[in-house]
Amino acid sequence: MAKSETNHPAKASSKKETLSREENLKQLEFQKEAVVHINSLYNYALHLTMNPDDAEDLVQETYLKAYRFFNSFERGTNCKAWLFKILKNNYINSFRKNSKEPGKVDYDLIKDFYHSIKDTRIDTSEADSDYFHTLLPEEVYLALQSLPEEFREVIQLCDIEGFTYEEIANMVESPIGTVRSRLYRGRKLLRAQLESYAKKYGYNTDTDQ
Amino acid sequence: MNCNKTRVLMSVAVDGELTVKEEQLFLLHLSECEMCRVEYEEAKKTKLIIREKIVRFNAPASLVTMIMQLSDVDAKKAEGTLSL
Ligand SMILES: [Zn+2]
C-alpha cells in the first residue's frame, strides 16, 4: 500500500518547483531515518574492509544507493537493517574481490585503531579476579577477527549492532535456525579464544605487581 | 531437557530470543542444574564483553559532510534528469 507512491512521473519541467519540494522532504526524511546510522555503518564497513579508506568508500556508495532507492524502503521497518543489507551487498559485489584474503588480519591497522586507548585493566580494580576484566579491547577485537567470517558476522550484527534474529536472518539470507546455530558455535569459539588470552595473564593466580 | 540442549539454547537465551515454550523448558532446567546456571552466567558475560570492549569509531567528519551533500547533489541531478 505504501508502494503506490513510486510512480509519480513528473513529466513536465514546469513541475520543477513541486519536485524540488518533494526532494527536500525526501532529503529531510532520509537524513532523519538513514544518515543517523552513519557511525554504525562506518564501523560495520571497517570490520568488513579492515581499511579506513575502503570503509569510507563503502559507506559513501551505500548512502548513494540508499538515497536513490529510498522509495523502496518500507516505512516503519528498521532502516538501519535496510542500510546494512545494502552495505553488505555492495561489499560483496565490489569490494571483497579486491580485498585481502579472508582471515588475514592487518595487525598494524589494529594497533592504529587501538593505540589511543588506555589500558583499561587499571580502572577495573574489582576484587573478583574475573578474567573478562583483564582483557584488552584489542584482544577482544583480535579474538573476534580470528573467527570464520560466517560466525564473526552474526556475532557482530547481534552483539554489537543489536539486530534481532529475524533482521540478521534477512541480512545474511539464511533461516533463523542457521543464525541461531552460527551464534552458538561462534560464541563457543570466541570464548575459547578469549580464555586463551586471559590465561596469558594468569587470571586465576591473582598476582600483585 | 538435558544439559546439551540447554547449552544450545543458552546462546539464544542471552539474546532474549527464546520462544515461550523454550523459555519454560530452559528455566526449568536451570532451576535443577547448578552447572548450567554457572554456564549461563558465563554466556551472558561473553555477550557483554563483546559489547563493552569492541571500540566504536565515529565516522570521519568529512565523510558525514559528504553524505549530507550526497543527497543534495543527487536531488539536483534528479531535478534535471529524473533517471535512475
Ligand atoms: Zn544442565
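Residues numbered from 1 in each chain as written. Chains lettered and ligands numbered in written order. Predicted model: local features only at pLDDT ≥ 70, side-chain atom pairs only at ≥ 80, totals over all residues. Heavy atoms only, no water.

Topic: the pattern of salt bridges
Right, on to step 1. Scanning the entire structure with this criterion turns up 15 salt bridges over all chains.
Right, on to step 2. A salt bridge links Glu29 of chain A to Arg75 of chain A; the nearest nitrogen and oxygen atoms lie 2.7 Å apart. On the criterion of sequence distance, the pair formed by Glu29 of chain A in helix α1 (residues 16–33) and Arg75 of chain A in the loop between α3 (52–68) and α4 (79–95) is long-range, its members being 46 residues apart.
Right, on to step 3. Classification of Arg75 of chain A as partly exposed rests on a relative accessible area of 37%.
Right, on to step 4. With a closest N to O distance of 3.1 Å, Glu161 of chain A and Lys80 of chain A form a salt bridge. Residue Glu161 of chain A is found in the loop between α8 (149–160) and α9 (165–172), and its partner Lys80 of chain A is found in helix α4; the two are separated by 81 residues along the sequence.
Right, on to step 5. Its relative accessible area of 14% is what places Lys80 of chain A among the buried residues.
Right, on to step 6. The network of salt bridges with shared partners includes Asp159 and Arg187 of chain A together with Asp15 and Lys47 of chain B. (Salt bridge = Lys/Arg side-chain N within 4 Å of Asp/Glu carboxyl O. Helix = DSSP H or I, 4+ residues; strand = E, 2+ residues; numbered from the N terminus. Buried < 20%, exposed > 50% of the residue type's maximum accessible area, 1.4 Å probe, protein only.)

What to know about the coordination of the zinc ion
Residue and element names in this part refer to chain B.
Right, on to step 1. Coordination sphere of the zinc ion, protein contribution only: Cys3 (SG), His29 (NE2), Cys33 (SG) and Cys36 (SG), at 2.1 to 2.4 Å.
Right, on to step 2. All donors of the zinc ion come from a single chain, and their spacing in sequence reads C-x25-H-x3-C-x2-C. Here Cys3 is found in helix α1 (residues 3–14), whereas its partner His29 is found in helix α2 (residues 20–32), with 26 residues between them in sequence.
Right, on to step 3. Under the relative-accessibility criterion, Cys3 is labelled partly exposed at 28%.
Right, on to step 4. Look at His29 and you get buried, because its relative accessible area is 8%. (Donors = N, O, S within 2.8 Å, 3.2 Å for Na, K, Ca; no water.)

Quick look at empty space enclosed by the protein
Right, on to step 1. Taken as a whole and assessed by the stated rule, the structure comprises one cavity of 30 Å³ or more.
Right, on to step 2. One number sums up the size of the largest cavity: a volume of about 50 Å³.
Right, on to step 3. Lining the largest cavity, in full, are Asn43, Tyr44, His47, Gln156, Ile160 and Glu161 of chain A together with Ile54 and Arg56 of chain B.
Right, on to step 4. Those elements giving two or more residues to the lining of the largest cavity turn out to be α2 (38–49) and α8 of chain A.
Right, on to step 5. The element that contributes the greatest number of residues to the lining of the largest cavity is α2 of chain A, accounting for three residues. (1 Å grid on protein atoms, 1.4 Å probe; cavity = no way out; pocket = protein on both sides within 12 Å on 5 of 7 lines; lining within 4 Å. Points joined across faces, edges and corners; volume = space filled by probe spheres on them.)

Some thoughts on the packing of aromatic side chains
Right, on to step 1. Per the stated rule, a full pass over the model turns up nine aromatic pairs over all chains.
Right, on to step 2. Seen from their ring centres, Phe70 of chain A and Phe73 of chain A are 5.9 Å apart, and the 5° between their planes marks the pair as stacked.
Right, on to step 3. Their ring planes at 80° and their centres at 5.2 Å tell us that Phe26 of chain B and Tyr40 of chain B sit as a pair that is edge-to-face. With Phe26 of chain B in helix α2 and Tyr40 of chain B in helix α3 (residues 34–53), this residue pair connects regions lying 14 residues apart in the sequence. (Phe/Tyr/Trp six-rings, centres within 6.5 Å; stacked < 30°, edge-to-face > 60°.)

Focus on unusual backbone geometry
All names here are of chain A.
Right, on to step 1. With a phi angle near 60°, Met50 is a residue other than glycine that sits in the positive phi range.
Right, on to step 2. One can find Met50 in the loop between α2 and α3.
Right, on to step 3. Positive phi values are uncommon outside glycine, yet Glu173 reaches one of about 55°.
Right, on to step 4. Residue position: Glu173 is located in the loop between α9 and α10 (176–200).
Right, on to step 5. Residue classification places Glu173 among the exposed positions, given a relative accessible area of 61%.

Observations concerning the side chain of Lys26 of chain A
All names here are of chain A.
Right, on to step 1. In this fold, Lys26 is placed in helix α1.
Right, on to step 2. An unpaired buried charge is present at Lys26: no salt bridge exists, and Glu23, the closest side chain of opposite charge, is 4.5 Å distant.
Right, on to step 3. Setting aside residues no more than four positions away along its own chain, Lys26 makes contact with Tyr67, Arg68 and Phe70. (Lys, Arg positive; Asp, Glu negative; His and termini not counted. Contact = heavy atoms within 4.5 Å.)

Comments concerning the nonpolar core
Right, on to step 1. Membership of the largest hydrophobic core comes to 72 residues, with the highest contact counts inside it found for Val59 and Tyr63 of chain A.
Right, on to step 2. Here this core gets nine residues from one element, more than from any other, and that element is α4 of chain A.
Right, on to step 3. Two domains share this core, each providing at least three of its residues, namely domain 1 (1–132) and domain 2 (136–209) of chain A.
Right, on to step 4. Filtering out sequence-adjacent residues up to four positions away, Val59 of chain A remains in contact with Ile38, Leu41, Tyr42, Ala45 and Leu87 of chain A together with Leu63 and Ile67 of chain B. (Core = buried A, V, L, I, M, F, W, Y, C linked by side-chain atoms within 4.5 Å. Domains from an automatic or database assignment.)

Description of the confidence of the model for chain B
All names here are of chain B.
Right, on to step 1. Across chain B, pLDDT averages 86, with 82% of residues at or above 70.
Right, on to step 2. Highest mean pLDDT in chain B belongs to α2 (96); lowest belongs to helix α4 (residues 61–81) (71).
Right, on to step 3. As scored by the predictor, the complex reaches a pTM of 0.76 and an ipTM of 0.82. (pLDDT = per-residue confidence, 0-100.)

Details of the environment of Asn43 of chain A
Right, on to step 1. Here Asn43 of chain A shows up in helix α2.
Right, on to step 2. Classification of Asn43 of chain A by relative accessible area gives buried; the value is 2%.
Right, on to step 3. C-alpha of Asn43 of chain A to C-alpha of Val59 of chain A: the two residues are 16 residues apart in sequence and 9.6 Å apart in space.
Right, on to step 4. Sequence-distant contacts of Asn43 of chain A, defined by excluding residues within four places in its chain, comprise Val55, Arg56 and Phe57 of chain B.
Right, on to step 5. Here the side chain of Asn43 of chain A touches Phe57 of chain B through a polar contact of 2.6 Å, landing on its backbone oxygen. (Polar contact = N/O pair within 3.5 Å; in protein donor to acceptor, adjacent residues only side chain to side chain.)

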